[in-house]
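Chain residues, written in single-letter form:
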Amino acid sequence: METLVKRNSSLPTLNTFFDDFFTKDVFDWSDKNFATIGSNLPSVNLKESEDKLEVDLAAPGMKKEDFKVEIDNNMLMISSEKEESKEESRKKDNYLRKEFSYQSFYRSFYLPEYIDENKVEASYKDGILHVAIAKKENGKKKIHKTIAIK
């Protein structure tokens, strides 16, 4: 949301140009969620340890039945569709109120070759969908090494 600013001059000065440019929300990525920009894409944390990959997806207010988690061709796909409707009526007051809502999202992530697609666990607790994917025993991540040039 922009702040209204009254200018005394009809011609912008260099200072007002820079003030306007640097006070915009373009550079402020702190404390933003997708709901404030009109999207319903949930936030995700990705973590890799020595023996597994972990995905935490923030989706409060949902149930575990609302999610679909799939792996196909080294692609992790997490999606959800949820539809709700409510209706109220009072004949005495000739009153009818009907509301409905629809939520959906789809997130996908390329997975490295060294994951074990047969060892995947998913759980939902306290608004967080947690997916853990084990790594193959013989496919542990190789150490990155810089070689000195002589």
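These notes cover the structure that comes with them. This is a predicted model, so every value here is computed, not measured. (Residues numbered from 1 in each chain as written. Predicted model: local features only at pLDDT ≥ 70, side-chain atom pairs only at ≥ 80, totals over all residues. Heavy atoms only, no water.)

Some details on the nonpolar core
Core analysis: the largest hydrophobic core is formed by 15 residues, its most contacted members being Leu57, Phe67, Leu76, Ile78, Val131 and Ile133. Contributing elements (two or more residues each) for this core: strand 2 (52-58), strand 4 (75-90), strand 5 (95-110) and strand 7 (128-135). Residue contacts for Ile78: discarding those within four places in its chain leaves Val55, Leu57, Lys68, Val69, Phe105, Tyr106, Arg107, Phe109, Leu129 and Val131. (Core = buried A, V, L, I, M, F, W, Y, C linked by side-chain atoms within 4.5 Å. Buried < 20%, exposed > 50% of the residue type's maximum accessible area, 1.4 Å probe, protein only. Helix = DSSP H or I, 4+ residues; strand = E, 2+ residues; numbered from the N terminus. Contact = heavy atoms within 4.5 Å.)

Digging into the pairing of strand 6 (residues 115-125)
Relative to strand 7, strand 6 runs antiparallel, the two sharing seven bridges. Bridge assignment links Tyr124 to a residue of strand 7, and that residue is Leu129. Connecting the antiparallel pair strand 6 and strand 7 is a turn made up of two residues, with Asp126 showing a positive phi of about 55°. (Pairing = 2+ DSSP bridges.)

Details of unusual backbone geometry
If you check the backbone angles, Asn73 has positive phi at about 55° while not being a glycine. At Asp126, a position not held by glycine, the phi torsion is positive, near 55°.

With respect to the packing of aromatic side chains
Per the stated rule, a full pass over the model turns up two aromatic pairs. Here Phe67 and Tyr124 contribute two aromatic rings whose centre-to-centre distance is 5.1 Å and whose plane-to-plane angle is 50°, an arrangement assigned as tilted. One end of the pair, Phe67, is in strand 3 (residues 67-72); the other, Tyr124, is in strand 6, with 57 residues separating them in the sequence. Taken together through their ring pairs, the aromatic side chains of Phe67, Phe105 and Tyr124 make up a single cluster. (Phe/Tyr/Trp six-rings, centres within 6.5 Å; stacked < 30°, edge-to-face > 60°.)

So, the environment of Met77
For Met77, the position within the fold is in strand 4. Note: C-alpha distance between Met77 and Tyr110 (33 residues apart in sequence) is 8.9 Å. Residues contacting Met77, with those up to four places away along its chain left out, are Lys68, Val69, Glu70, Ile71, Asp72, Tyr106, Arg107 and Ser108.

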